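One-letter residues, chain by chain:
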Amino acid sequence: MSSSSSLTCGRLATWTIIAVLLQILGLLLFVLGFFPVKPALSGVSGMESYRDPMSSSREDQEQIKHLSQNQLRSLYKDMSKISPTFDRLILMVVDGLPAEFVLGRGDQPPTKAMMEAMPYTQSLLSHGKAIGYHAKAAPPTVTMPRLKAMVSGAIGGFLDVAFNFNSQAFRDDNLLGQLYSIGWKMVMLGDETWIKLFPGLFTRHDGVSSFYVKDTVEVDHNVSRHLGAELTATDWDLLILHYLGLDHVGHIGGRSSTLMIPKLKEMDEVIKKIHMSSDLPQDSSNGRTLLMVVSDHGMTENGNHGGSSYEETDSLALFIGIGSKLPDYALATRKTASQVDIAPTLALLFGVPIPKNNIGVLMSEAFDSLADDQKLRALKLNSWQLLRLLQAQLPALSCSSYPCDNYDGAQCSGINACKVSIEQKFCCLFSKATTLHSSWTSQKHRTSRSNNSEDARSIFAAYNEFLRTSSEWLSRRATDKPPELLAPGIASMAVSCAMFLFILFCLCKEVYLKENQGLLDCSYKWHLDEVYALVVVVIFVFSMGSSSMVEEEQYIWHFLTSTLYLIFLRKSFQLPSPGAVPNMGNVIKRLKSSNHCPIYSIIFVLICGRILRGWHQGGVNWVHLPDISKWLEQTDPPTIQSFQIVSLLFIIGMSSFNLYLLEPKRRIVLVIQVSLFLSGFLLVMHIMEFQGTVFGQSNYSSTLIAQSIYATIIMTVIVTVLQAPWVTPVSVRDHQVNNESLLVNSASKDMEIRSLLPAVKYSLHLIGLTYTVCWCLLQLLLQQPVNAMPVLLLFFQILGSMFYFSNNETHSKHWVEVAALYFLGMAGHFGLGNSNTLATIDVAGAFIGISSHSTLLSGVLMFIITMASPMLFLLSLVFYISTKDASYLLLSKNGDLGHLLQMMIGFPCLVPLALNSVMLTAFTVVLFAMRNHLFVWSVFSPKYLYVLAMAVCVYVGVFIVAVAGIYTCSVFFLRERMLRPKSITKLKS
């Protein structure tokens, strides 16, 4: 371009890359600051756990090092002053089991079907031989962080959801490490996550991968086949059984799956077998084996988990072997606790120190068999441990420095009574409990038994008040955010956003001036669709400040996108009747048989959008309402398969028809058609043979067919992108228009563009259509079967939009059209059943075609499934470029390669980057403002993970569009230069 231009292609690319890098830097700073690694105390608890925090000696750890395991076990037993009730522990983890399946919900017992599915477990509860808890799990409700919480009593970081797919060794103080230190022998059967978290601790283990969710049988059989031998073995103290089948049943078919009841019966039989074995003598008061049945998390109605809803956080903690003193079944099943409470409870039951970073509180009913003095001792040990953790967080906390040390009942009746510093409030509560305890201990032999019991209850209440208050404060403290990282991160993203908007404004201005060259009146006039496109962004930004709007974001996108297309429809009705068919490519020329085609195309897009809107009841509050997908799930598999095949046939048929209309016919068009038919044939095989038996285990044949589909799609895309620019003929007719001018100035740049533009658009049409169709075929393989029709509807929306945007008479600005495609992608994201909770992430599809577990490949497939719709519409931008009339480029006197690239791929690349930047920066500011909000971890943080995923999606999509455009244009300019000398030689001769 000439030096007079303010925005060259080089400058545009340079400043865009700088803005992207600045945005990535800001994201890294903010994410590291807002989602910090959980603070943890180093080392492990030891002898100091049994001493007052004010008098602990630093020599304790040195003494422990010289003790044998048996000596250490005896020392802990003597120092704890609590008689061990059990010798061995069987920890049975039923992955994904909601507590309400066993204990009911609220005041209601379990449903009749659930009670009949687990008769033996229900009999234990009703006869007072078991105690059940609704153990609330903290989000994210995925396996690895929940296992850590159960054995350490500490809450994990929110980003543990990312590490769940690649668990590393757990080095923090934990229950298994404490038991190992006193000589316990451990055996683990089931989920291999245990082996990864605690390498070297297990005497025997047989692990299975937790990520092959299609397998609901072998994962549990692999555990139960060892059960008979292990129950009779005497060489273990801890037996861990982690059953995965129920969680897999949920992922595939949801709570109402036909396999759920049989799976619950299977688990009940396992509980019965363990409980009735000779290792659980019911009449012995000492030396017994405790069976504890727990679940790491619950599940939603559709069987997923990861979020913070009641259904997902309602996990089970069932003590079998501890007699219940509660008078009836209802009271025995309505106890509530936190999942982190399991760690201190088991630690004191088995005579080891409470893990150092525990924030849990004892489950008091588990100690009902002990005398009052031993129960109070357990509460004191728990209080000492939490006080040490408080002192590490609050260096100024020293109860000896505050007047509450001398307890006066009138002075400090609760935490709100001491309206001073937080340190003094904790000292107030701690001193209240310990003073009452000391007084009770000195007077218990001088008062009646009834008075002692009454006083003991007041001490229990005082200890529990301190414990609960401390636990809640430490939970919040673990998520503090350093402002030194947050502020620079937000600032970097804000600067990047401003850069994107300024670059886009400059490009809009330059394109507008070029389109209106020669006109006397070049003043800019805003149209309704342009104003509304900006309003959409503003509405979305402000709506993200409401937790309810975040939960129900799908309504925003469906409404705003439909309204924008209604504006397009209104604009189409106002169009004058064109006198001739515009020159916009052979496909469009053949398809345009009526002047009303733009109107029909918009109506078609709106109809598809409305069907998509009713396909899934997304969000949180109304997800239980009926929708099309729920109706389909209740039908027989052949009905769903018919929808899949119809969707496949329409996609293949429409794309083949589009290719058939292309002129001139080239061999590569036939290659693409054959490849698409081959992919379709393989997909039909996969649908008919394997998706009808979705509950079965994936076998070698299904994996091989899926891998064949991957290979065919990838090869089709690669061949099309690399070969299309080379095999598409370069038009040479314009070289013969003016031989004299060609001989005088054979390097005329405007003549290059005039000759290359049709060929470039033809090639991009092939590439864009291949991108779009192959992505749809990939989604038909990976998405849930009920999502086949929504994928087809998204494809129809792309075709309808392209047909409308190709009409020159619409006079819509390029940036508005690209924004409309972006909005359709967001609406389609929710139309496929996604939401802003982690529970709707489809884990099952992430392992299709993978023969051995790979964290990287599974993560990529999960990203492809989740970001299916936004990426589809980003890839379709290559198709969009080929449909646009760029005749104003022929009038330019600056027709070099850079100018062509700038005009063709400028908007398709900049508009998604700018829109994503605005939304990313806005929600980052919202998340920062809501950092102390009640729903920061349950609503806003999961949404931010989706925002980050969308940013990655935009980066990848824009990169693919840019590479396709740059490569295609570069090849044609190279071929043009290779042809020019031959043309000149012929003319001279």
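Before reading further, recall that the structure is shown in the block above.
Described below are features of the structure shown in this document.

Thresholds, definitions, all that
Residues numbered from 1 in each chain as written. Predicted model: local features only at pLDDT ≥ 70, side-chain atom pairs only at ≥ 80, totals over all residues. Heavy atoms only, no water. Helix = DSSP H or I, 4+ residues; strand = E, 2+ residues; numbered from the N terminus. Buried < 20%, exposed > 50% of the residue type's maximum accessible area, 1.4 Å probe, protein only. Contact = heavy atoms within 4.5 Å. Areas by Shrake-Rupley, 256 points an atom, 1.4 Å probe, with all protein chains shown as cover. Axes fitted to C-alpha atoms, helices over the stretch in contact; angles between N-to-C directions. Parallel < 35°, antiparallel > 145°, perpendicular 65-115°, else oblique. Nonpolar A, V, L, I, M, F, W, Y, C, P; charged D, E, K, R; others polar. Expected span 1.5 Å × (residues − 1). Core = buried A, V, L, I, M, F, W, Y, C linked by side-chain atoms within 4.5 Å. Patch = residues over 30% accessible without salt bridge, like charges linked within 9 Å, V, L, I, M, F, W, Y side chains within 5 Å. Salt bridge = Lys/Arg side-chain N within 4 Å of Asp/Glu carboxyl O. Pairing = 2+ DSSP bridges.

Turning our attention to the overall build of the chain. Of regular secondary structure, the chain possesses 38 helices and eight strands. Split into buried and exposed, the 989 residues of the chain put 59% on the buried side. Considering only contacts within the chain whose residues lie at least 6 apart along the sequence, 80% involve residues at least 24 apart. Split by element, the accessible area of the chain, about 39900 Å² in all, is 61% carbon and sulfur.

Let us look at the packing of helix α33 (residues 788–805) against helix α34 (residues 814–831). Relative to each other, α33 and α34 sit at 170°, their axes nearing to 11 Å. Accordingly, the angle class assigned to the pair α33 and α34 is roughly antiparallel. Listed contacts from α34 to Pro790, Leu794, Gln797, Ser801, Met802 and Phe805 of α33 are Glu817, Ala820, Leu821, Leu824, Gly828 and Gly831. The class makeup of the residues in the contact of α33 with α34 is seven nonpolar, four polar and one charged.

In this section: helix α28 (residues 637–660). Here α28 spans 34 Å end to end across 24 residues, near enough to the 34 Å set by a 1.5 Å rise per residue. Those residues of α28 not exposed but buried are Ile640, Gln641, Gln644, Ser647, Leu648, Ile651, Ile652, Ser655, Ser656, Asn658 and Leu659.

Right, let's talk about the nonpolar core for a bit. Of all hydrophobic cores here, the largest spans 172 residues; its most connected members are Tyr565, Leu777, Phe823 and Tyr944. Sorting elements by how many residues they give to this core places helix α38 (residues 936–988) first, with 22 residues. In contact with Leu777, other than residues within four places in its own chain, are Leu648, Ile651, Ile652, Leu676, Ser679, Leu683 and Ile713. Judged by nonpolar contacts, the second largest core, of 84 residues, contains Ala135, Leu179, Ala317 and Phe367.

All right, on to a nonpolar patch on the surface then. A cluster of nonpolar residues, Val671, Ile714, Met715, Ile718, Val719 and Leu722, forms a patch on the protein surface that exposes about 490 Å² of accessible area. Among the elements that make up the nonpolar patch, the one with the highest residue count is helix α30 (residues 700–727) (five residues). With respect to the secondary-structure elements, Met715 resides in helix α30. For Met715, a relative accessible area of 47% puts it in the partly exposed group.

A word on the sheet that holds strand β1 (residues 86–94). Backbone-to-backbone hydrogen bonds pair the strands of a sheet. The strands run either parallel or antiparallel. Overall, mixed pairing links the eight strands, which are arranged β4-β3-β5-β1-β6-β7-β2-β8 in an open sheet. Bordering the open sheet on either side are β4 (204–208) and β8 (335–338), each of which pairs with just one other strand. When strand polarity is set aside, the average angle formed by the axes of neighbouring strands in this sheet is 20°. Bridging between strand β3 (residues 186–191) and strand β5 (residues 238–243) involves five bridges; their strand directions are parallel. Bridging from a neighbouring strand, Met188 pairs with Ile240 of β5. Sheet strands in contact with helix α6 (residues 119–126) are β2 (130–136) and β7 (314–320), and its direction is about 105° off that of β2. In the packing of helix α17 (residues 342–349) onto the sheet, contacts are made with β1, β6 (288–294), β7 and β8, and the angle to β6 comes to roughly 175°.

All right, on to helix α29 (residues 667–689) then. With 23 residues, α29 ought to run about 33 Å at 1.5 Å a step, and its terminal C-alpha atoms sit 33 Å apart, in line with that. Within α29, the full set of buried residues consists of Ile668, Val669, Ile672, Gln673, Ser675, Leu676, Ser679, Gly680, Leu682, Leu683, His686 and Ile687.

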